[in-house]
Amino acid sequence: MLLLMSCDMFGGDVHQALDSAFAIEVFHNFTLVHDDIMDAAELRRGNPAVHIKFGVNKGILAGDVMLSYAYQYLCSLQADKLAPVLQVFNQTAIEIMEGQQMDIDFEKRTEVTAGEYLKMIEYKTSVLLAAALKIGAIIAGADEQSRDLVYSFGLKLGLSFQITDDLLDTFGDGSKVGKKIGGDILNNKKTLLLITALNKASHAQRDQLFLLMNEQNEDKKIAETIRIFDQLNIRNLIENKAEELFAEALQSLDSIQIPDSQKSSLKDLAYKIRNRDY
């Protein structure tokens, strides 16, 4: 959707961008299939994850063939658009894999800095949104500055999106989110919530948070961690950070030198993404 809307915003023919949009969507879902395997996640969008329903081996192969289909879709691009689009697509794929590895590495580390976390989610999540928007701009024939600005918009929107996603994983409604609440806590993921809590915590609270990382009772681990988060006002602090990044995203969008009327649909979608509860 972001790719098609970007193409349309810059006056391009969305029909020429459809296959590239398919490529982004199939690639995105490939990463989710493999991500669920690595996280041992049982649910995705309220349904059994692929590896749960069909087995790990079939899940791996399904992801592999989805990646191949993504490149097959890109091959339909006009010759003059293929090279710049592939450059963005390949760089994005590399960064997403690096972001996933960082995420896995962080689970084994005692502490992670806020800067390291933000770089990880930039690679794991934000670059895909940014790439979709930039590819749409390339297909539409937008100038280099506009491509960079719409990429920056997507990058900051993605950061805000992922921080909100982390909030929903801990404080959301499981029936709306479509997965078990507290999964990040159970996996000892160094989200901005935990990083901020460790930075703000008293010695006693820090000790308790570290002890909880080894807690075997899942319900107790989630409940006690959230209790400390509440004591430290973590939810409000992280919501403010997500809002700050969202404002920066809008600033990049506003800087693109095209009529505001052409940006309205994309801006409306950005607000829907920002205000979601699922």
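What you see is a predicted model, and the numbers here were worked out from it, not measured in a lab.

The next subject is the pattern of salt bridges. Here the structure, examined in full by the defined rule, presents 19 salt bridges. Residues participating in the shared-partner salt-bridge network are Asp35, Asp36, Asp39, Arg44, Asp103, Lys124 and Lys189.

Applying the stated criterion across every chain, the model contains five aromatic pairs. Geometrically, the ring pair formed by Phe22 and Tyr73 is edge-to-face, given 5.4 Å between the ring centres and 65 degrees between the ring planes. Of this pair, Phe22 sits in helix 2 (residues 18-39) while Tyr73 sits in helix 4 (residues 56-74), placing them 51 residues apart in sequence. Here Tyr73 falls in the partly exposed class, since its relative accessible area comes to 29%. The interplanar angle of 65 degrees and the centroid separation of 5.5 Å between the aromatic rings of Phe27 and Phe30 together place this pair among those described as edge-to-face. A residue pair is termed a helical-turn pair when its members lie 3 or 4 positions apart in one helix, as Phe27 and Phe30 do in helix 2 at three residues. A single burial state applies to Phe27 and to Phe30, both of which are buried. Its guanidinium or amino end placed over the ring of Tyr151, Lys134 lies 5.5 Å from that ring's centre, counting from NZ or CZ.

Turning our eyes to something else, we now look at the environment of Asp103. Turning to its location among the elements, Asp103 is positioned in helix 5 (residues 79-108). Once residues lying within four places of it in the same chain are set aside, the contact partners of Asp103 are Met120, Lys124 and Lys189. A polar atom in the side chain of Asp103 sits 3.3 Å from the side chain of Lys189.

Here we come to the packing of helix 11 (residues 203-212) against helix 12 (residues 218-231). Packing of helix 11 against helix 12 brings their axes to within 10 Å, and their N-to-C directions diverge by 155 degrees. With respect to helix 12, the axis of helix 11 lies roughly antiparallel. Considering the relative orientation of helix 11 and helix 12, their crossing is left-handed. The segment helix 11 lies against helix 12, with Gln205, Gln208, Leu209 and Leu212 engaging Lys220, Lys221, Glu224, Thr225, Ile228, Phe229 and Gln231. Considered class by class, the residues forming the contact of helix 11 with helix 12 number four nonpolar, four polar and three charged.

Conventions and cut-offs
- Residues numbered from 1 in each chain as written.
- Predicted model: local features only at pLDDT ≥ 70, side-chain atom pairs only at ≥ 80, totals over all residues.
- Heavy atoms only, no water.
- Salt bridge = Lys/Arg side-chain N within 4 Å of Asp/Glu carboxyl O.
- Phe/Tyr/Trp six-rings, centres within 6.5 Å; stacked < 30°, edge-to-face > 60°.
- Helix = DSSP H or I, 4+ residues; strand = E, 2+ residues; numbered from the N terminus.
- Buried < 20%, exposed > 50% of the residue type's maximum accessible area, 1.4 Å probe, protein only.
- Lys NZ or Arg CZ within 6 Å of the ring centre and 35° of its normal.
- Contact = heavy atoms within 4.5 Å.
- Polar contact = N/O pair within 3.5 Å; in protein donor to acceptor, adjacent residues only side chain to side chain.
- Axes fitted to C-alpha atoms, helices over the stretch in contact; angles between N-to-C directions.
- Parallel < 35°, antiparallel > 145°, perpendicular 65-115°, else oblique.
- Left-handed = near helix turned anticlockwise from the far one by under 90°.
- Nonpolar A, V, L, I, M, F, W, Y, C, P; charged D, E, K, R; others polar.

Function cannot be read off these values alone, since they describe shape.
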